[in-house]
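A structural walkthrough
Residue strings, one per chain:
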Amino acid sequence: MAAEERNLVEILEEHNVIDIAKYINYVSAPQAGAVATFSGTTRDTFDGKPVVELRYEAYVPMAIRCINDICSSARASWSLISIAVAHRLGPVSVGETSIFIAISSVHRADALDACKFVIDEIKASVPIWKKEVYANGEVWKENSEFLERRSELGNAGLQEGGTHAERKSCCGAKVKVEGELKFLERRSELGNAGLQEGGTCCSRKVKVEAQEEGVAVGLR
């Protein structure tokens, strides 16, 4: 059955633009009555501040594994034909696409619902980090989906008698200190309660960047 699944997941290296037509063509099929897409682009302002560009970093092997897990979860919930996901790394200028998702299905509701699920899960759990660059500075940004997921997992852990320190994720944490990028993997399984609530293996991602004036911690 797994051999019948058509998933294309690509993390594009710096300065490689996303070929949208390529991914739409990949998911297109004679039996597909719908192709739903999502294109995430760099906007020019955030909270009134002009944005110059976004910059993305990732732990690529784990990011690909996590996205494939998300695709499998989507297939378990909706009847899908093909899924394609592409994410850029490096600088992404205003108006350019940083992530593109295309999903095909027989009926539009499946493709539309699955497309929203996939982008929300990627933002919440995949080890890809975003920095917003302004004319007068830059900052690592937390996704709202990640903050919500962290809160949900933390509450579940406390209700089960655990602590935040005891909660583990197979996707681990990425730590950046004095310019050196390291990835710390922790491969313990999620508890049954977490899986029953629809969680993925990629439930936590952390970035720490040392700066001249101190250490800034960003949760993506």
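Counting restarts for each chain: residues are numbered from 1 in the order of the written sequence. The predicted origin of the model limits local features to residues at a pLDDT of at least 70 and limits the giving and counting of side-chain atom pairs to 80 or more, whereas totals for whole chains, interfaces and linings rest on all residues. To get the side-chain values, all heavy atoms of the structure are used, and hydrogens and water are removed first.

1. Overview of the packing of helix 2 (residues 60–77) against helix 3 (residues 108–125)
The geometry of helix 2 relative to helix 3 is characterised by a closest axis approach of 10 Å and an angle of 145° between their N-to-C directions. Between helix 2 and helix 3 lies a crossing of right-handed hand. Here helix 2 contributes Ile67, Ile70, Ser73 and Ala74 to the contact with helix 3, which in turn contributes Phe117, Val118, Glu121, Ile122 and Ser125. Within the contact of helix 2 with helix 3, the residues separate by chemical class into 6 nonpolar, 2 polar and 1 charged. To obtain an axis, a line is fitted to C-alpha atoms, over the contacting stretch when the element is a helix, and the angle between two such axes runs from 0 to 180 degrees between their N-to-C directions. Strands are runs of DSSP state E lasting at least 2 residues, helices are runs of H or I lasting at least 4, and numbering of each runs from the N terminus. A crossing counts as left-handed when the near helix is turned anticlockwise from the far one by less than a right angle, and as right-handed when that turn is clockwise. Contact criterion: two residues are considered in contact whenever any of their non-hydrogen atoms come within 4.5 Å of each other. Following the grouping adopted for this structure description, the nonpolar residues are Ala, Val, Leu, Ile, Met, Phe, Trp, Tyr, Cys and Pro, the charged ones are Asp, Glu, Lys and Arg, and the polar ones are all others, Gly among them.

2. Some points on the sheet that holds strand 1 (residues 6–12)
Two strands make a pair as long as DSSP finds a minimum of two bridges between them. Within the open sheet, the 4 strands sit side by side as 1-5-7-2. Their pairing is mixed. In this open sheet, the two edge strands, each paired with only one partner strand, are strand 1 and strand 2 (34–41). Within the sheet, the average angular offset between the axes of one strand and its neighbour, ignoring direction, is 5°. Where strand 2 meets strand 7 (residues 97–105), 8 bridges bridge the pair, whose relative direction is antiparallel. Among the inter-strand pairings, Phe38 is bridged to a residue of strand 7, identified as Ile101.

3. What about the packing of aromatic side chains?
Under the pairing criterion, centres of Phe, Tyr and Trp rings, with the six-membered ring standing for Trp, must be within 6.5 Å; the plane angle then separates stacked pairs below 30 degrees from edge-to-face pairs above 60, leaving the rest tilted. A full pass over the atoms with the stated rule returns 1 aromatic pair. Seen in terms of ring centroids, Trp78 and Phe117 are 5.5 Å apart; in terms of plane orientation they differ by 55°. Their pairing is tilted. Of this pair, Trp78 sits in the loop between helix 2 and strand 5 (82–88) while Phe117 sits in helix 3, and the two are 39 residues apart along the sequence. Cation over ring: Arg6 sits above Tyr26, and NZ or CZ is 4.1 Å from the ring centre. Any Lys NZ or Arg CZ that is within 6 Å of a ring centre and within 35 degrees of that ring's normal is treated as a charge sitting over the ring.

4. Thoughts on the nonpolar core
Residues belong to a common nonpolar core when they are buried Ala, Val, Leu, Ile, Met, Phe, Trp, Tyr or Cys residues joined through side-chain atoms within 4.5 Å. Residue burial is assigned from relative accessible area. The probe radius is 1.4 Å, only protein chains are included, and a residue is buried under 20% of its type maximum, exposed over 50%, and partly exposed in between. Among the nonpolar cores identified, the biggest contains 34 residues, and Ile67, Val85, Ile101, Ile103, Val118, Ile122 and Val126 are the most heavily contacted of them. For this core, the elements supplying multiple residues, two or more each, are strand 1, strand 2, strand 4 (49–58), helix 2, strand 5, strand 7, helix 3 and strand 8 (128–134). Other than its neighbours up to four places away in sequence, Val85 contacts Leu8, Val9, Glu10, Ile67, Cys71, Phe100, Ile101, Val118 and Ile122. Formed by 9 residues, the second largest nonpolar core is a distinct cluster that contains Val27, Ala84, Ala86 and Phe100.

5. With respect to the environment of Cys66
Of note, Cys66 is situated in helix 2. We classify Cys66 as buried; its relative accessible area is 0%. Each C-alpha atom of the pair Cys66 and Ser125 lies 7.9 Å from the other, and the pair is 59 residues apart in sequence.

6. What about unusual backbone geometry?
For His15, which is not glycine, the phi dihedral falls at a positive 75°. Within the secondary structure, His15 sits in the loop between strand 1 and helix 1 (20–27). In this structure, Asp47 is a non-glycine residue whose phi angle is positive, near 50°. Note on placement: Asp47 falls in the loop between strand 3 (45–46) and strand 4.

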